[in-house]
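A structural walkthrough
Residue strings, one per chain:
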Amino acid sequence: MIILSEGGNLNLITPDPGLVFWTFLIFGILWFLLAKYAFKPIGKALKDRETAIQDALDTAKKTREEMAQLKAENLELLNQAKEERNAILKEAKEIKEEIISEAKEKAKVEANKIVEDAKREIENKKMAAIVDVKNEVGAMAVDIAEKILHKELDSKEAHQNLIKNLVNEISMS
Amino acid sequence: MCRSFIAFFVSILFINISFAADAPAEGEPYNPSADIMHHIADANEFHVFGDISIPLPVILYNQESGDFDMFMSSKFEHGAKEVNGYVLDHGQVVSASGHKFIDFSITKNVFTMLFASILMFILFVSIAKAYREREGKAPKGVQSFFEPLILFVRDEIAVPNLGHRADRFLPYLLTVFFFIWIVNMMGLIPIFPGSANVTGNIAVTLVLAFFTMLITNLSGNKYYWKHIFAPEVPFWLWPIMVIVEMIGVIAKPFALMIRLFANITAGHIIILSLVSLIFVFGELGKNMGGAALGAGIAIPFVLFMNLIELLVAFLQAFIFTILSAVFIGLAVEEAH
């Protein structure tokens with residue numbers, strides 16, 4: 001045995017009281033000082049940093065979610081607006097068409113009415129003219145007859161001249 | 001290239017020939033075990049090479065007369081001189097007259113622990129400062145180097161075993177982890193300020209294990225004590241179970257103490273044994289060819305062992321810390 005090689009020397013496994021004392025003192029003080037000035041602050045700093053990192057990550061995740069939600073909302077709003085626009089446009093188109101067709105209808109009716117009126121007027125005028133012509137012709141006939149009757153007693157010749165003149169007169173007028 | 005390297009190495013060994021402190025008698029084969037034992041043991045001076053040593057303060061308490069003696073170890077002149085009834089034997093103070101005394105000296109191990117502690121204090125306080133000053137920013141420099149290690153201890157050691165109570169015990173676990181690791185790594189550096197076999201000294205591991213035991217039992221809750229003094233077994237088994245549990249209370253830190261001590265010491269012994277091959281083969285410098293052969297064999301093996309020791313340095317710090325966390329975790333656990 002190498003440990004006992006020097007005449008049963010047990011030095012190696014016999015704790016030296018002086019060294020025990022110094023180790024106790026040095027390690028004890030080192031433990032106290034390091035705990036107080038190094039490892040407690042370091043442990044706290046590490047924990048704080050981990051918490052901060054976790055918080056930052058959580059916040060980032062939350063923000064991302066919020067952003068996504070906002071984006072979705074925006075998209076929905078946009079879609080809604082688009083739909084609304086389309087609806088308005090459609091409605092406007094319908095109204096336009098309605099107005100146009102209504103106007104056309106109205107115009108048609110109006111035109112028909114005008115034509116109708118014109119026709120009636122023409123008819124009226126025609127009738128009036130015919131009546132006028134009839135009256136005129138009647139008056140003329142009466143006139144002619146009167147004049148003819150006046151000149152009857154004169155000569156035949158004169159009579160004929162008169163008629164001639166009258167006829168000329170008529171055609172002249 | 002290879003040959004010149006071996007020649008260089010061998011020439012260094014000749015400077016270091018005082019490594020063989022016990023010069024054997026003529027014709028006697030070289031016995032490395034004594035040298036190895038001296039190298040893994042504590043010392044009252046910091047041996048650099050040859051007769052060059054860095055002196056350390058010697059503080060001795062004479063148990064018979066009750067006197068304190070304080071002086072620098074350089075007064076011994078490497079064991080050549082007797083001072084106040086003490087002599088230096090292979091770097092260690094022994095009583096010349098055979099009286100009982102306690103050595104409270106700042107030995108090689110104490111010096112290394114102080115050095116490591118000051119280093120750790122400066123390092124971690126500056127890191128804590130960096131956290132304060134760079135709040136809310138990404139870690140930088142030393143801070144970013146140590147942050148994964150601190151998080152490793154917290155997330156892989158403390159939290160799985162201690163749950164929400166991890167914060168309370170985290171400073172201790174971090175201190176013990178970095179202390180063991182840094183001191184282990186310093187022990188692998190062959191020259192000053194390294195080379196001390198601190199965690200391979202039973203006194204050091206005893207104190208570390210004692211702290212774990214202290215925390216375990218002081219923070220033990222009622223379930224922990226009930227488990228020890230009123231275990232859930234038929235009452236006539238209690239006398240046996242209580243004894244078994246009491247042994248368990250002692251055995252846990254005892255295992256911690258032995259594990260760390262044995263692993264680190266074993267590593268040092270293996271490396272020193274491999275280095276000793278050069279002296280064994282070289283017959284203390286009388287056989288150059290043998291020394292070269294020994295070096296040729298020893299160098300790759302020592303290199304390999306050093307790499308393994310780098311892993312072991314971390315592993316043992318990790319194991320000590322995780323087992324401490326497990327023991328504390330068992331003591332503070334709520335009823336299950």
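Bear in mind the structure is a predicted one, so any value in this text is a computation, not a measurement. (Residues numbered from 1 in each chain as written. Chains lettered and ligands numbered in written order. Predicted model: local features only at pLDDT ≥ 70, side-chain atom pairs only at ≥ 80, totals over all residues. Heavy atoms only, no water.)

Tallied over the entire structure, the rule returns nine salt bridges over all chains. Among the ionic pairs, D48 of chain A bridges to K44 of chain A, the shortest N-O distance being 3.0 Å. Of the two residues, D48 of chain A and K44 of chain A are both situated in helix α1 (residues 17–151); the distance of four residues between them amounts to about one turn of the helix. Among the residues examined, D48 of chain A registers a relative accessible area of 37% and is labelled partly exposed. By relative accessible area, K44 of chain A is classed as exposed at 53%. Linking R154 of chain B and E50 of chain A is a salt bridge whose minimum nitrogen-to-oxygen distance equals 2.8 Å. Remark: E50 of chain A occurs in helix α1 and R154 of chain B occurs in helix α4 (residues 142–162); the pair is interchain, linking two chains. Salt bridges here are not isolated pairs; linked through shared partners, they connect E50 of chain A together with R154 and D155 of chain B. (Salt bridge = Lys/Arg side-chain N within 4 Å of Asp/Glu carboxyl O. Helix = DSSP H or I, 4+ residues; strand = E, 2+ residues; numbered from the N terminus. Buried < 20%, exposed > 50% of the residue type's maximum accessible area, 1.4 Å probe, protein only.)

With that settled, consider helix α5 (residues 166–188) of chain B. All names here are of chain B. With 23 residues, α5 extends 32 Å between its outermost C-alpha atoms, agreeing within 8% with the 33 Å of an ideal straight helix rising 1.5 Å per residue. Approximately 25° is the largest bend angle found in α5, and it occurs at Y172. Counting buried positions along α5 gives 20 out of 23 residues, so the element sits mostly inside the fold. (Expected span 1.5 Å × (residues − 1). Bend = angle between axes of the 7 residues up to and from the residue.)

Before going further, it helps to spend a moment on the environment of S324 of chain B. All names here are of chain B. Mapped onto the secondary structure, S324 falls in helix α9 (residues 288–332). Residues S324 and V83 lie 241 residues apart in sequence; the distance between their C-alpha atoms is 43 Å. Among residues more than four places away in sequence, those in contact with S324 are L173, T212 and L256. At 2.9 Å, the side chain of S324 and the side chain of T212 are in polar contact. (Contact = heavy atoms within 4.5 Å. Polar contact = N/O pair within 3.5 Å; in protein donor to acceptor, adjacent residues only side chain to side chain.)

Right, let's get into the interface of chain B and chain A. With 52 residues of chain B at the contact, the number on the chain A side is 36 residues. Surface buried jointly by chain B and chain A totals about 3900 Å² across both partners, of which 80% is contributed by carbon and sulfur atoms. Linking chain B with chain A are three salt bridges. Breaking the side of chain B that touches chain A down by element, the ones donating at least two residues are α2 (32–40), β7 (101–103), α3 (108–133), α4, α5, α6 (202–218) and α8 (238–282) of chain B. The greatest single-element share of the side of chain B that touches chain A, amounting to twelve residues, is contributed by α3 of chain B. Split by residue class, the side of chain B that touches chain A holds 37 nonpolar, nine polar and six charged. (Buried area = accessible area lost by both parts, 1.4 Å probe. Nonpolar A, V, L, I, M, F, W, Y, C, P; charged D, E, K, R; others polar.)

What follows deals with the confidence of the model for chain B. Residues and elements named next belong to chain B. Residues with a pLDDT of 70 or more make up 90% of chain B, whose mean pLDDT is 83. When mean pLDDT is taken per element in chain B, α6 scores highest with 93 and helix α1 (residues 2–15) scores lowest with 41. Scored below 50 in pLDDT, residues 1–24 makes 36 contacts in the model with residues more than four places away or belonging to other chains. The ipTM value of the predicted complex is 0.84, and its pTM value is 0.74. (pLDDT = per-residue confidence, 0-100.)

All names here are of chain B. Along strand β6 (residues 92–95), the buried face is formed by V93 and S95; none of Q92 and V94, which line the opposite face, is buried. Relative to β6, strand β5 (residues 86–89) runs antiparallel, the two sharing four bridges. Counterpart to L88 in the pairing with β6 is V93. (Pairing = 2+ DSSP bridges.)

For the rest of this paragraph, the subject is the packing of aromatic side chains. As enumerated under the stated definition, the model contains 30 aromatic pairs over all chains in all. Seen from their ring centres, F71 of chain B and F76 of chain B are 5.3 Å apart, and the 70° between their planes marks the pair as edge-to-face. Looking at F71 of chain B, the relative accessible area reads 8%, which means it is buried. By relative accessible area, which is 0% here, F76 of chain B ends up buried. Aromatic side chains Y86 of chain B and F101 of chain B sit 5.1 Å apart centroid to centroid with 70° between the ring planes, which places their arrangement in the edge-to-face category. Placement of Y86 of chain B in strand β5 and of F101 of chain B in strand β7 is noted, with a sequence separation of 15 residues between them. Through successive ring pairs, a cluster of aromatic residues spans F39 of chain A together with F124, F145, F146, F152, F177, F178, W181, F314 and F318 of chain B. Over the ring of F46 of chain B we find K108 of chain B; its NZ or CZ atom is 5.5 Å from the centre of that ring. (Phe/Tyr/Trp six-rings, centres within 6.5 Å; stacked < 30°, edge-to-face > 60°. Lys NZ or Arg CZ within 6 Å of the ring centre and 35° of its normal.)

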